[in-house]
Amino acid sequence: MSNPTYDVVAIGNAIVDILSQATDEFIVAEGMTKGGMQLIFDPAAADDLYSRMGPGREVSGGSAANTIAGLAALGHATGFIGQVADDQLGKVFAHDVQALGVHFETAAATGGDPTGRCLVLITPDGQRTMNTFLGAAQFLPEAAVDQATIEAGAILYLEGYLWNADQSRGAMKRAIAMARDAGRKVALTLSDVFVVEGHRAEFFELIDAGQIDILFANDNEVRSMMQDEDIKAAVEGLSARVPLLVCTHGAAGAEAHKDGEHARISAEPVDDVVDTTGAGDLFAAGFLAGQAQGRNLETSLRMGAICAAECISHIGPRPVADIKKLVADKLG
């Protein structure tokens, strides 16, 4: 098997974020859980909510795609697999990701649902409440998982959200098999508590079968996985089952566990929290960049925190500043 040409290849939802400022009262009136994510299954319902939102910005998003964008900005060679439809938003997504230098050749779907979109409502405190219509993204077929692309990535990074749909779950399982056969590492981000609640047993089957090398989760997802409200005990229990566990704690920082090694860091200070959309995605980008560069756990965590802090200082889930220079400057 040849050496990998990409540091990370990701599979995730190919969606476009539509970001709009909103009041707390609007969130309550719409019956949403502030700071959470809910799925919209009907394109008409997505259009209806969109019609009631304030002025918005269209920014290519999707959790794993944001991570890949961050890695590309940090100077790493990357690839992405995800499905859009042959429509205007699909063209926006493809242009944005390819303009970053990311290898993206997944064929656009014709017919069926339109390109997925996430309607993101940002309240004055910077919290984002997401309403996601997955559209074409959830119908990613196994045939779209290109073996050459998977084998070319040193790490395969999987977005947990895609585990929710039967078709995309099949594609991810195929990708895992390809990556393992090629001797590549597999990383999984749990994405959200509702994903864990629906697929906890399947995730543990993957973990216990040695199919997952790196697991990303926040503290609520770790609690849900272990069914334990004691976060310290939950982290200890989960880290004993996976080779590398990375757990984020929001404003309280993050920690990582690997082969008995443990590191914990504080969050980077941010003068003004504008929008938390994509913070976890950019954290994963920084951490994976650190690992690709052979950094230790603490430095990789710091790189993740620096990238996350840049992300939440502006509207949108992708970096605006030169995060490669920012990381270099802060690490000294």
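In the block above lies the structure referred to throughout.
All figures in this text were calculated on a predicted structure; none of them were measured in a lab. (Residues numbered from 1 in each chain as written. Predicted model: local features only at pLDDT ≥ 70, side-chain atom pairs only at ≥ 80, totals over all residues. Heavy atoms only, no water.)

Q: Would you take a moment to explain the sheet that holds strand S10 (residues 214–218) for this structure?
A: Each strand in a sheet pairs with its neighbour through backbone hydrogen bonds, running either in the same direction (parallel) or in the opposite one (antiparallel). As summarised here, the arrangement of the 8 strands in space is S5-S1-S8-S9-S10-S11-S12-S13, forming an open sheet in which the pairing is mixed. The open sheet is flanked by strand S5 (78–81) and strand S13 (261–265), the only strands paired with a single partner. Within this sheet the neighbouring strands show an average axis-to-axis angle of 15°, counted without direction. Pairing of strand S8 (residues 153–159) with strand S9 (residues 185–189) involves 5 bridges; the strand directions are parallel. Following the sheet pairing, Tyr 157 is matched in S9 by Ala 187. (Pairing = 2+ DSSP bridges. Helix = DSSP H or I, 4+ residues; strand = E, 2+ residues; numbered from the N terminus. Axes fitted to C-alpha atoms, helices over the stretch in contact; angles between N-to-C directions.)

Q: What is the right way to look at the sheet that holds strand S4 (residues 56–61) in this model?
A: Read across the sheet, 5 strands follow the order S3-S7-S6-S2-S4 without closing on themselves; strand pairing throughout is mixed. The strands lining the two open edges of the sheet, one partner per strand, are strand S3 (37–39) and S4. When strand polarity is set aside, the average angle formed by the axes of neighbouring strands in this sheet is 20°. Strand direction decides the pairing type here: strand S2 (residues 15–21) and S4, joined by 6 bridges, are antiparallel. Pairing of Ile 18 across the sheet is with Glu 58, part of S4. Those strands touched by helix H4 (residues 88–99) are S2, S4 and strand S6 (115–122), and its axis lies near 55° from that of S4. (Contact = heavy atoms within 4.5 Å.)

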